[in-house]
Amino acid sequence: MGWGDMEPPNSSAAGRSDTCFGVFNASDGHDNAQNSITSPWFSTAFGLIGLCSNLFALCVLLSSSRKLSSRARSSFLVFLCGLVVTDFMGLLVTASVIIPYHFIKFTWAKVDPGCHLCNFLGFSMVFFGQCPLLLGATMAGERFFGINHPFSRSTSISKRRAWSIVGLVWGFSCLLGLLPVLGLGRYTLQYPGSWCFLTLLPDTGNVIFCLLFALLGIFSVLLSFIFNTVSVVTLCRVYHDRESVQRRRDSEVEMMVQLVGIMIIATICWMPLLIFIIQTVLQQLPASGQIQMLPMEMQKMLLIYIRMVTWNQILDPWVYILFRRAVLQRVYPSLRPRPSILSLYPVLNPSLGRKLTAD
């Protein structure tokens, strides 16, 4: 998401406010785009790093899932896998449109006069942007009930049910991304003319869609924060209890560390953009639709915030790669699980006790 630093479309296309090409001043953006510090090679390398990171994390996840017997851990890995697949596909889909534009420098109005490509790119930005936030909240909720209400269900959710939940999140995000195509708001080409996103103009449809997108994202982040905070407090209370369940709690702590890391990254990368969207559309409401173009300063700020969001898709896989017990125990040997009382005193094991009695 948000790869843009390219040459804007021609001024005639950009000036038509009734199409997807009329929300920024192309003549003002041309010189700025030329002086940009980024380049096609930078964006290509940036995209490859993100794709390789997610691909590597996906391989590690698949390898780990085959070795697990814990249903709680396996269902959590399913959610993580869904998150990594979402980030990977988000980078792949947007890069397949943005990077060729870097090198070909086609004219949007000629290649896409009906705005179909722009709508597809805008849909991709919304879909692959909202999915990680909703999946983060879903994982936080699943861990909250698993840690704080362990006896409210007989067993942890199965892999099939976990994948069904991931599918529901994808379906909901898809419906959200299709709203502009169905008539609520619209997707428009954004400064400097390389990417499409929701339109921050004060007409009713755009305001409703922008607020829906931003408030849903903020709600997901806040829900994740509440669930994760309560789960961490619960684990801190019980972590030093009976030694016989220490190994299981180590697994719970590992999952929570990864989940908190995902939440922190999502908060840092997404909250500035979501707050900016709300502030922009609410401040422009008194204009009653008279504004046909965002000020250049706001267009630049939107580009900066989108670049921050892009880092979310690149950093997410490294949370799992780096915050696994196998890695943490090499850095901090004191994190190695302590032996249980049964391993220290095997005579307490019932089967061993019966064997010794028989002998």
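Residues numbered from 1 in each chain as written. Predicted model: local features only at pLDDT ≥ 70, side-chain atom pairs only at ≥ 80, totals over all residues. Heavy atoms only, no water.

**Q** Before we go on, may I ask you to explain the UniProt feature "transmembrane region" (unreviewed entry) in the protein chain in this structure?
**A** Residues annotated in UniProt with the feature "transmembrane region" (unreviewed entry) correspond here to residues 41–64, 76–101, 121–141, 162–185, 205–238, 259–282 and 302–323. Secondary structure across residues 41–64 comprises 100% helix and 0% strand; the distance between its end C-alpha atoms is 34 Å. Each end of residues 205–238 is marked by a C-alpha atom, and these two atoms are 50 Å apart; helix forms 100% of the span and strand 0%. (UniProt positions renumbered as here; feature names shortened; annotations may be inferred. Helix = DSSP H or I, 4+ residues; strand = E, 2+ residues; numbered from the N terminus.)

**Q** Looking at this structure, I do not really get the pairing of strand E1 (residues 187–190). What am I missing?
**A** Along a regular strand, successive side chains alternate from one face of the sheet to the other. Here E1 runs beside strand E2 (residues 195–198); their pairing, made up of 4 bridges, is antiparallel. Residue pairing in the sheet places Leu189 in a bridge with Cys196 of E2. (Pairing = 2+ DSSP bridges.)

**Q** Quick question: what am I supposed to make of the state of the cysteines here?
**A** Note on terminology: disulfide describes a covalent bond linking the sulfur atoms of two cysteines. Inspection of every chain in the model, using the stated rule, returns 1 disulfide. Two residues, Cys118 and Cys196, share a disulfide whose sulfurs are 2.0 Å apart. A torsion of -120 degrees about the S-S bond marks the disulfide between Cys118 and Cys196 as left-handed. Linking Cys118 in helix H6 (residues 116–148) with Cys196 in strand E2, this pair joins segments that are 78 residues apart in sequence. (Disulfide = S-S within 2.5 Å.)

**Q** Can you walk me through the packing of aromatic side chains in this structure?
**A** Given two aromatic rings, one states the distance between the centres and the angle between the planes to describe the pair. For the structure on display, the rule yields 11 aromatic pairs. Taking the centre distance of 5.8 Å and the plane angle of 40 degrees together, the rings of Trp195 and Phe197 count as tilted. In terms of burial, Trp195 and Phe197 fall into one category: buried. An aromatic cluster is built from Trp195, Phe197, Phe213 and Trp270, whose rings are joined through pairwise contacts. (Phe/Tyr/Trp six-rings, centres within 6.5 Å; stacked < 30°, edge-to-face > 60°. Buried < 20%, exposed > 50% of the residue type's maximum accessible area, 1.4 Å probe, protein only.)

**Q** Even after reading the chapter, I still don't get the pattern of salt bridges, so can you show me in this structure?
**A** If the charged atoms of two oppositely charged side chains come close together, the side chains can form a pair. On inspection of all chains with the given rule, the structure shows 1 salt bridge. Measuring nitrogen to oxygen at the nearest pair gives 2.9 Å for the salt bridge that ties Glu142 to Arg143. As far as burial versus exposure is concerned, Glu142 and Arg143 are alike and both buried. (Salt bridge = Lys/Arg side-chain N within 4 Å of Asp/Glu carboxyl O.)

**Q** Would you mind going over the packing of H6 against helix H8 (residues 204–238) with me for this structure?
**A** Packed helices, taken two at a time, are described by the angle their axes make and the gap between the axes. Contact geometry for H6 and H8: axes closest at 8 Å, N-to-C directions at 25 degrees. By the angle between their directions, the pair H6 and H8 is classed as roughly parallel. Helix-helix and strand crossings are classified by hand; for H6 and H8 the assignment is left-handed. Among the residues making up the contact of H6 with H8, the classes are represented as 15 nonpolar, 10 polar and 1 charged. (Axes fitted to C-alpha atoms, helices over the stretch in contact; angles between N-to-C directions. Parallel < 35°, antiparallel > 145°, perpendicular 65-115°, else oblique. Left-handed = near helix turned anticlockwise from the far one by under 90°. Nonpolar A, V, L, I, M, F, W, Y, C, P; charged D, E, K, R; others polar.)

**Q** What is the right way to read the confidence of the model for the protein chain from this model?
**A** Atomic detail in the predicted coordinates should be set aside for any region of low pLDDT. Summary statistics for the protein chain give a mean pLDDT of 77 and a share of 70% for residues scoring 70 or more. Here helix H12 (residues 341–344) stands out as the element of the protein chain with the lowest mean pLDDT, 36, in contrast to helix H7 (residues 159–182), whose mean of 93 is the highest. Counting contacts from residues 2–16, a segment whose pLDDT is below 50, to residues more than four positions away or on other chains yields 67 contacts. Counting contacts from residues 338–350, a segment whose pLDDT is below 50, to residues more than four positions away or on other chains yields 14 contacts. (pLDDT = per-residue confidence, 0-100. Contact = heavy atoms within 4.5 Å.)

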